[in-house]
Amino acid sequence: MAPDRSSEPEKPAAAHTAPVQVAALDHLVLRVADLERASAFYRDVLGCAVEKWQPDLGLLQLRAGAALIDLVALDGLLGREGGAGPGCEGRNLDHFCLRLECFDEAALRAHLTAHGIDAGPAAQRYGAEGYGASIYIQDPDGNTVELKAPGQRGGSIVA
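Residues numbered from 1 in each chain as written. Predicted model: local features only at pLDDT ≥ 70, side-chain atom pairs only at ≥ 80, totals over all residues. Heavy atoms only, no water.

1. Re the overall build of the protein chain
Inference 1: When its secondary structure is counted, the protein chain shows three helices and eight strands.
Inference 2: Along the protein chain, helices and strands appear, N-terminal first, in the series β-α-β-β-β-α-β-α-β-β-β.
Inference 3: Of all 159 residues assigned to the protein chain, the portion counted as buried reaches 34%.
Inference 4: Here the contacts in the protein chain between residues at least 6 apart in sequence split such that 49% fall between residues at least 24 apart.
Inference 5: Surface exposure of the protein chain reaches about 10,000 Å², of which carbon and sulfur atoms provide 55%. (Helix = DSSP H or I, 4+ residues; strand = E, 2+ residues; numbered from the N terminus. Buried < 20%, exposed > 50% of the residue type's maximum accessible area, 1.4 Å probe, protein only. Contact = heavy atoms within 4.5 Å. Areas by Shrake-Rupley, 256 points an atom, 1.4 Å probe, with all protein chains shown as cover.)

2. Considering the nonpolar core
Inference 1: Judged by nonpolar contacts, the single largest core of 28 residues is most densely connected at Leu30, Tyr42, Ile69, Leu71, Phe96, Leu112 and Leu147.
Inference 2: Those elements giving two or more residues to this core turn out to be strand S1 (27-32), helix H1 (35-45), strand S3 (59-64), strand S4 (67-73), strand S5 (95-99), helix H3 (105-114), strand S7 (130-138) and strand S8 (144-148).
Inference 3: For this core, the leading source of residues is H1, giving five residues.
Inference 4: Not counting residues up to four positions away in its chain, the partners in contact with Leu30 are Tyr42, Ile69, Asp70, Leu71, Val72, Asn92, Leu93, Phe96, Asp139 and Asn143. (Core = buried A, V, L, I, M, F, W, Y, C linked by side-chain atoms within 4.5 Å.)

3. With respect to H1
Inference 1: Among the residues of H1, those classed as buried are Leu35, Ala38, Ser39, Phe41, Tyr42 and Val45.
Inference 2: Residue Asp34 occupies the N-cap position of H1, its side-chain oxygen lying 3.1 Å from the main-chain nitrogen of Glu36.
Inference 3: Taken from the residues just after H1, Gly47 is the one with a positive phi, measuring 75°. (Polar contact = N/O pair within 3.5 Å; in protein donor to acceptor, adjacent residues only side chain to side chain.)

4. Focus: the packing of aromatic side chains
Here the distance between the centres and the angle between the planes together describe a pair of aromatic rings.
Inference 1: Enumeration according to the criterion identifies three aromatic pairs in this entry.
Inference 2: Both rings, one in Tyr42 and one in Phe96, keep their centres 6.4 Å apart while their planes meet at 20°; by these two values the pair is stacked. Residue Tyr42 is located in helix H1, and its partner Phe96 is located in strand S5; the two are separated by 54 residues in the primary sequence. Considered together, Tyr42 and Phe96 belong to a single accessibility category, that of buried residues.
Inference 3: Their ring planes at 65° and their centres at 4.9 Å tell us that Tyr126 and Tyr131 sit as a pair that is edge-to-face. (Phe/Tyr/Trp six-rings, centres within 6.5 Å; stacked < 30°, edge-to-face > 60°.)

5. Brief notes about the sheet that holds S5
Hydrogen bonds between backbone atoms are what pair the strands of a sheet, whose relative direction is either parallel or antiparallel.
Inference 1: The sheet built from four strands is open, its strands ordered S5-S8-S7-S6 with mixed pairing. Pairing within the sheet leaves two strands with one partner each, and these edge strands are S5 and strand S6 (123-127). Adjacent strand axes in the sheet meet at a mean angle of 45° when their direction is disregarded.
Inference 2: Each of S7 and S8 is contacted by H3, which is oriented at about 15° to S7, the strand it contacts most. (Pairing = 2+ DSSP bridges. Axes fitted to C-alpha atoms, helices over the stretch in contact; angles between N-to-C directions.)

6. Let's talk about the environment of Ala38
Inference 1: Checked against the element boundaries, Ala38 lands in helix H1.
Inference 2: Through-space distance from the C-alpha of Ala38 to that of Leu71 is 7.6 Å; in sequence the pair is 33 residues apart.
Inference 3: Those residues within four positions of Ala38 in sequence are excluded, and the remaining contacts are Val32, Leu71, Pro140 and Asp141.

Below is the structure:
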């Protein structure tokens, strides 16, 4: 009997000839109310290094593995063009996920607690590399960040 693959996404037959072939997340842009506070969170809590600062735009770019997380100050040139900032009535996005090199839950929770960050419960969740343990945290602007272990095939999905 063949394995049930009904829950797996279909792969295009001619993927190698498709004009758009996503290889990885390049960057994510978040509009933030307090650039210093957001920068400290992504730098000190998540270990992202400052890559580039563009003061004329109010844009700080931080290295997150192979990708960038861009922070746009609401009072900067780009931030003012985007309308109202994130808040109770609206968010920048639902969440984004950072795949961690390793997932030592106890050490991760201790680190987050030392920075005053409350983490949700760990659960097995499906992502780009399959199932893996993950937890959700909030950045200072209320954006949800998922911190995820390297993936493994198999397991069950948790929303």
